[in-house]
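Chain by chain, the residues run as shown.
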Amino acid sequence: MLRKLIRVNLMAMFGMVAMMLAYGAATASPQDKDKKDEVPDIKEIMSKGHKGSDAYITKIKDAVKGEKWEDAQKYAKTLAFFGEALGKNKAPKGDADSWKTLCEKYAAATKAAYKGTEDKDAKAVAKGLGAINCGECHKLHKK
Ligand code: HEC
């Protein structure tokens, strides 16, 4: 019983570390070096995660389309890390409870997309990414 618990804990820790390493490796650049232990801020999450053809969300879609599952997993892992990190930031505007709820939805959606890439299930990835509601959150919380 206890042994099983310890194992589960270790695995959870390992998962976190792997996710942080993936994030570090994916975004490492000289300017980022001294802030890599910090939680990425909202602007960083938004621009690296969603903005333009170089954003993770686009890279995931492209990799899935090309059935490059390893790439898709790598990108989706970073987006899921962003998903966890977003709610650790304070919203620039709006109600704190609503921010918490929407961040939890975002975390769940990015996590579902990541799981989809692990399962090599294009539909599940699309469903996870499709559950990210940009407008709903921007309307309430973006200045
Ligand atoms: C759970 C909330 C939430 C979701 C979901 C969300 N955003 Fe945002 N986004 C924000 C907030 C809050 C800001 C304002 C950040 C600030 O001004 O500090 C923002 C800002 C942005 C910016 C401007 C970044 C900058 O550098 O000023 C872009 C681009 C953006 N979001 C794109 C998207 C896209 C595309 C999606 C959907 C795929 C999305 N966001 C989903 C909350 C969210």
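Note that the coordinates shown come from a computational prediction; the quantities given were computed from them, not determined experimentally. (Residues numbered from 1 in each chain as written. Predicted model: local features only at pLDDT ≥ 70, side-chain atom pairs only at ≥ 80, totals over all residues. Heavy atoms only, no water.)

Examining the layout of surface pockets
Space inside the largest pocket adds up to approximately 500 Å³. Considering the residues around the largest pocket, the lining is formed by 21 residues, among which I42, M46, C137, H138 and K142 are closest to the centre. The element contributing the most residues to the lining of the largest pocket is helix α7 (residues 134–141), with five residues. The residue inventory of the lining of the largest pocket, partitioned by class, reads eleven nonpolar, four polar and six charged. (1 Å grid on protein atoms, 1.4 Å probe; cavity = no way out; pocket = protein on both sides within 12 Å on 5 of 7 lines; lining within 4 Å. Points joined across faces, edges and corners; volume = space filled by probe spheres on them. Helix = DSSP H or I, 4+ residues; strand = E, 2+ residues; numbered from the N terminus. Nonpolar A, V, L, I, M, F, W, Y, C, P; charged D, E, K, R; others polar.)

Quick look at the packing of helix α5 (residues 96–118) against α7
Axis separation between α5 and α7 bottoms out at 11 Å; the angle between their running directions is 160°. Between α5 and α7, the angle is such that the two are roughly antiparallel. As for how α5 packs across α7, the hand of that crossing is left-handed. Contact with α5, carried on its side by S98, W99, L102 and K105, involves E136, C137, L140 and H141 of α7 and no other residues of that element. (Axes fitted to C-alpha atoms, helices over the stretch in contact; angles between N-to-C directions. Parallel < 35°, antiparallel > 145°, perpendicular 65-115°, else oblique. Left-handed = near helix turned anticlockwise from the far one by under 90°. Contact = heavy atoms within 4.5 Å.)

Thoughts on the coordination of the iron atom of the ligand
Around the iron atom of the ligand, the protein contributes the donor atoms M46 (SD) and H138 (NE2), at 2.0 to 2.3 Å from the metal centre. The partly exposed category is assigned to M46, whose relative accessible area is 23%. (Donors = N, O, S within 2.8 Å, 3.2 Å for Na, K, Ca; no water. Buried < 20%, exposed > 50% of the residue type's maximum accessible area, 1.4 Å probe, protein only.)

Considering the site of the ligand
Neighbouring residues of the ligand: 18 residues in total, closest M46, H50, C134, C137 and H138. The side chain of H50 places a nitrogen or oxygen atom 3.3 Å from a nitrogen atom of the ligand. Taking H138, its side chain carries an N or O atom lying 2.8 Å from a nitrogen atom of the ligand. More than half of the atoms of the ligand fall within 2 Å of the grid points belonging to the largest pocket. Of all the elements in the fold, those that place two or more residues in the shell around the ligand are α2 (42–50), α5 and α7. (Near = heavy atom within 4 Å. Polar contact = N/O pair within 3.5 Å; in protein donor to acceptor, adjacent residues only side chain to side chain. Sits in = over half its atoms within 2 Å of the grid points.)

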